[in-house]
Amino acid sequence: MIRSIAIFGATGDLAGRYLMPALTALLQAGLLPTPVRVLGIAREEWDWARFCRHTAEWLQSCGVADTKARDQLLSSLDYRAADVTDRRQVAAALAPLDEPVVAYLALPSALFAPVIEALGAASLPKGSRIVVEKPFGEDLTSAKALNRLVHEFFPEDAVFRIDHFLGMQTVQGIPGLRFGNRLFETAWSRDHVERIDVIWDEMIALEGRASYYDRSGALRDMIQNHLLQVLCLLAMEPPSSPSADDWRSRKVEVLRAVTSLSADEVDRRTVRARYAAGRIENRETPAYVDEPGVESQRGTETFAQVALRIENRRWAGVPFVLRTGKALAMERQEVVVHFKAASQSLLGAGAGNRLRLQLGSDRVAMDLNLIHADGRFELQPVEVDVKMAPQPIPAYGLLLRDVLKGDLSLAVRDDEVEESWRVVEPVLEAWAEGKSPLKEYAAGSEGPAMGEEPIADS
């Protein structure tokens, strides 16, 4: 297990809000090597004491209560001020590390290429690894170019493209649910499933992220990576072994089976919209175009829905509807598997069963049909709801643990990220040409009316 981590962009929100609490949780659980060294690298002209105070403030604001683990992390910190795109400064910052290191790029995606080049020039110790956050590229061409660049300096088994959704407890539970339960194993196909929805609706609006979000939009920000990763786990065939490559190859097979949408299909099977002014709970929210830093002529969407088809024996004809939006009336983050209604019932027509995996609250629920409570021989729907035990290690903690161990199971492979871009690129191109016109919805509403293949009511 590698003992040294160099965090590029160590003074930013990602490092403070997620990485430092995750490292503290791993220390608390005894899952980090001791001693561990965490080297922060950023532009700020800080000394070690200032960086420690900054990190301590983040840990406090994130509710990290274990003082022993917190103090252990703070004592492991080091800091170097550097321009992360300057090869000489990066090499000087990393010079004290004489053993394999994990280089974590907690940076805006525009900086990935120059930092990767700087790391290559720094001649890292043999066995070092690199971690790259999303978005990995902004389209298929740029993703391929970034893959070529990173492979100049790192072999694929040393490259960890991070998607924190893969560390979420409910998402991790999907393969176990599918392959570990005969009930679902036998019913998980086009013969029994009518439709699958993957939904990530948020009440928060832009929250000061215009510099990134206005150049990205909902499709790139959520669907191209997070929601397509969930789709892969829902649709993949059973791997032949527990090896990371077998798991990732099965996901790639799914993506390759997703049919590209024609321009006409984009018009019928996608929805894009952005929020207008409105009220979210007790808060007045300005229109997206009036948010600071937004360039309205970009036509950036804050809501995106795409209905995809997987053309293989298991899923042909079953729509997979991926939906995400901001500034909506309620938080709704879940997978909904709609099973077909029973083919025949002496008790009348019952509703189709629904399995709900609630990603935000770690709950699993199933809609079943039972005899009516008053004794009549009629069906009534009943929901069985199970709350999972709290996740002991946060998602980023699990991902960091795997990076240090060299376990690639939860990392996204090079061909996988390229296939993800292949799936969404026809939609991006058609939207740029005016297909599926940009709609508006009031902030705090349920969102725009759906297209040809709507999502079921909650």
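Everything below is about the structure shown above.
Predicted model only: the values in this text are computed from it and were never measured. (Residues numbered from 1 in each chain as written. Predicted model: local features only at pLDDT ≥ 70, side-chain atom pairs only at ≥ 80, totals over all residues. Heavy atoms only, no water.)

A. Spotlight on the pattern of salt bridges. Tallied over the full model, the rule gives 31 salt bridges. Across the pair Asp-201 and Arg-323 runs a salt bridge whose closest N-O atoms are separated by 2.6 Å. Taken together, the residues Asp-201 in strand β7 (residues 193-201) and Arg-323 in strand β12 (residues 319-325) connect sequence positions 122 residues apart. Look at Arg-323 and you get buried, because its relative accessible area is 8%. Of the charged contacts, one joins Glu-416 and Lys-251 as a salt bridge, the two residues approaching to 2.9 Å between their closest N and O atoms. In this pair, Glu-416 sits in helix α14 (residues 414-432) while Lys-251 sits in helix α11 (residues 244-257), placing the two residues 165 residues apart along the sequence. Like Glu-416, the residue Lys-251 is buried in the burial classification. What you see here is one network of salt bridges that share partners, running through Asp-245, Arg-248, Arg-256, Arg-413, Asp-415, Glu-419 and Arg-422. (Salt bridge = Lys/Arg side-chain N within 4 Å of Asp/Glu carboxyl O. Helix = DSSP H or I, 4+ residues; strand = E, 2+ residues; numbered from the N terminus. Buried < 20%, exposed > 50% of the residue type's maximum accessible area, 1.4 Å probe, protein only.)

B. Structural context of the pairing of strand β14 (residues 354-358). Most of β14 sits out of view: five of its five residues are buried. The alternating pattern of β14 places Arg-354, Arg-356 and Gln-358 on one face and Leu-355 and Leu-357 on the opposite face, and all of these are buried. Relative to strand β15 (residues 363-371), β14 runs antiparallel, the two sharing five bridges. Pairing of Gln-358 across the sheet is with Arg-363, part of β15. Hairpin remark: β14 followed by β15, antiparallel, with four residues in the connecting loop; positive phi at Asp-362, about 55°. (Pairing = 2+ DSSP bridges.)

C. Representation of the packing of aromatic side chains in the model. Counted according to the given criterion, the structure contains twelve aromatic pairs. Centroid distance Trp-315 to Phe-320: 5.3 Å. Interplanar angle 85°. Geometry classified as edge-to-face. Residue Phe-320 is classed as buried on the basis of its relative accessible area, which comes to 0%. Pairwise contacts between aromatic rings join Tyr-213, Tyr-275, Tyr-288, Phe-303 and Tyr-441 into one cluster. The ring of Trp-46 carries the charged tip of Arg-50 above its face, separated from the ring centre by 4.4 Å. The lysine or arginine in question, Arg-161, covers the ring of Phe-136, its NZ or CZ lying 4.9 Å from the ring centre. (Phe/Tyr/Trp six-rings, centres within 6.5 Å; stacked < 30°, edge-to-face > 60°. Lys NZ or Arg CZ within 6 Å of the ring centre and 35° of its normal.)

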